[in-house]
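# Structural overview
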Amino acid sequence: MQKEILKLQNITKFFVESDIPAVNNISLTLQQGDILALVGPSGCGKTTLLRIIGGFEFPQTGEVQIGENKVCSPNNWIQPENRDIGIVFQDYALFPHLTVEQNVAFGLKNSDKNQIKQRVSEVLNLVGLGKFATRYPYELSGGQQQRVALARALAPKPKLMLLDEPLSNLDIQVRLQLREEIRDILKLAGTSAVFITHDQEEALAIADVVGVMRQGHLEQIGKPEEIYSLPASRFVAEFVTQANFLPASRKGNDWETEIGSFEIPGNYSSDTGEIMIRQEDCILQADDDAELKITKRRFLGREYRYCLETPSGREIHVRTMTDIILSEGTFVQVSIADDAMKIFPEEG
Ligand code: ADP
Ligand code: MG
């Protein structure tokens, strides 16, 4: 059976000058060996929550447990350096006057020089920088510097890694490659991790568990597939899947919208709401009598992205394979599998 590596209970944090909590009553658990990605828009409290786990911020209420140890509770406080964590920030924060191996050795408190040397070379190999041990940070690319930061954090074999947007400063190419590598490296090291990002695709790709945050709250937590296919709120659906939404009202078993009527099974408390239509779930067919008009088409390599205008002037975005091409200005009929749609109550 897996063990819990991190347990947060009812964490709330207000900053002095604000009466809105930056972190609002968050509880969650993470199993040993898992990677949790916390995702949400800028300002939703991700960094604050990570700093609370790390011991750099003090919450007004709540408890933090790392492994077997309560590290923060009303009558207990453990300093960051005694929490058995490794930290990687967005700006690599390497020591510029130290070489790669000196940077990595920095956190190792071992009196045996040989053991330090061995551990440094072990983690540098793990992050693929074995050949760069004697270089200085300025002699490395951004992606390589971030891998040094990762090696430095991993070197003392922490129980838990905390990564705050570690890929945000990198070019897209490097970012995509390094996100795969970071996952592999953490898995090889067997280290549990909390990984913060504002990029929903990055969160889904890197994590075993995704937590979606909004205005200090944890809106939903679950496996990437669950979050994607069963979003718990309109916010999660919009942020994570970038779905379209249209007003809908119920007539019997059908939900009527300005682009057609759809049968959507399920119990709903209200007869009005918004229908979620994912960009990749639509099939388009040219039809002169239809009322949806293609206003834009963009070629994205593997797919087309269409922008459609509804009779009321709303925009719907659709992504399709490249086997059928429809021109801008064409009127189209859209069909969607009933089980791909979902109704959300309207948000005030
Ligand atoms: P995120 O990392 O998701 O972008 P943050 O945790 O940095 O969000 O910020 C959450 C909220 O707390 C924001 O409204 C931010 O302005 C506020 N905040 C963060 N740090 C401080 C601070 N040191 N003092 C006052 N307010 C802060
Ligand atoms: Mg942040």
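For the structure itself, consult the block above.
All of the points below concern the structure found in this document.

Criteria and thresholds
Residues numbered from 1 in each chain as written. Chains lettered and ligands numbered in written order. Predicted model: local features only at pLDDT ≥ 70, side-chain atom pairs only at ≥ 80, totals over all residues. Heavy atoms only, no water. Salt bridge = Lys/Arg side-chain N within 4 Å of Asp/Glu carboxyl O. Helix = DSSP H or I, 4+ residues; strand = E, 2+ residues; numbered from the N terminus. Buried < 20%, exposed > 50% of the residue type's maximum accessible area, 1.4 Å probe, protein only. Contact = heavy atoms within 4.5 Å. Pairing = 2+ DSSP bridges. Axes fitted to C-alpha atoms, helices over the stretch in contact; angles between N-to-C directions. Near = heavy atom within 4 Å. Polar contact = N/O pair within 3.5 Å; in protein donor to acceptor, adjacent residues only side chain to side chain. Areas by Shrake-Rupley, 256 points an atom, 1.4 Å probe, with all protein chains shown as cover. Nonpolar A, V, L, I, M, F, W, Y, C, P; charged D, E, K, R; others polar. Parallel < 35°, antiparallel > 145°, perpendicular 65-115°, else oblique. Left-handed = near helix turned anticlockwise from the far one by under 90°.

## Points about the pattern of salt bridges
Inspection of every chain in the model, using the stated rule, returns 19 salt bridges. One salt bridge connects Arg-119 with Glu-122, and the closest N-O pair in it is separated by 2.6 Å. Separated by 3 residues within a single helix, Arg-119 and Glu-122 lie in helix 3 (residues 113–126), roughly one turn from each other. On the basis of relative accessibility, which here comes to 17%, the residue Arg-119 falls in the buried class. Look at Glu-122 and you get partly exposed, because its relative accessible area is 38%. Two residues, Arg-179 and Glu-201, come together in a salt bridge whose shortest N-O distance is 3.6 Å. Linking Arg-179 in helix 5 (residues 172–189) with Glu-201 in helix 6 (residues 200–206), this pair joins segments that are 22 residues apart in sequence. Among the residues examined, Arg-179 registers a relative accessible area of 11% and is labelled buried. Linked by salt bridges that have partners in common, Lys-13, Arg-51 and Glu-57 make up one network.

## Points about the environment of Val-212
When you line up the elements, Val-212 lands in strand 10 (residues 209–214). Here Val-212 falls in the buried class, since its relative accessible area comes to 0%. When near neighbours in sequence (up to four residues on either side) are disregarded, Val-212 contacts Val-39, His-217, Leu-218, Glu-219, Gln-220, Ile-227, Phe-235, Val-236 and Val-240.

## Side note on the sheet that holds strand 20 (residues 331–336)
Read from one edge of the open sheet, 5 strands run 16-20-17-18-19, paired in antiparallel fashion. In this open sheet, the two edge strands, each paired with only one partner strand, are strand 16 (282–286) and strand 19 (315–321). Along the sheet, successive strands turn relative to each other by an average axial angle of 40 degrees, direction set aside. Where strand 18 (residues 303–309) lies against strand 19, 7 bridges are found, and the strand directions are antiparallel. For Tyr-304, the partnering residue across the bridge sits in strand 19 and is Thr-320.

## Some details on the site of ligand 1
Lining the immediate surroundings of ligand 1 are Phe-15, Glu-17, Ala-22, Pro-41, Ser-42, Gly-43, Cys-44, Gly-45, Lys-46, Thr-47 and Thr-48. Contact between ligand 1 and Thr-48: an oxygen atom at 2.6 Å from a side-chain N or O atom of the residue. For ligand 1, whose free accessible area comes to 560 Å², the fraction covered by protein is 58%. Looking at side-chain class alone, the shell around ligand 1 contains 4 nonpolar, 5 polar and 2 charged residues.

## Observations concerning the packing of helix 4 (residues 142–154) against helix 5
Taken N-terminus to C-terminus, the directions of helix 4 and helix 5 make an angle of 15 degrees; their axes are 11 Å apart at the nearest point. Judged on the interaxial angle alone, helix 5 and helix 4 are roughly parallel. Helix 4 and helix 5 meet at a crossing whose hand is right-handed. Residues Gly-143, Gln-146, Arg-147, Leu-150 and Leu-154 of helix 4 form the contact with helix 5, whose participating residues are Val-174, Leu-178, Glu-181, Ile-182, Ile-185, Leu-186 and Ala-189.

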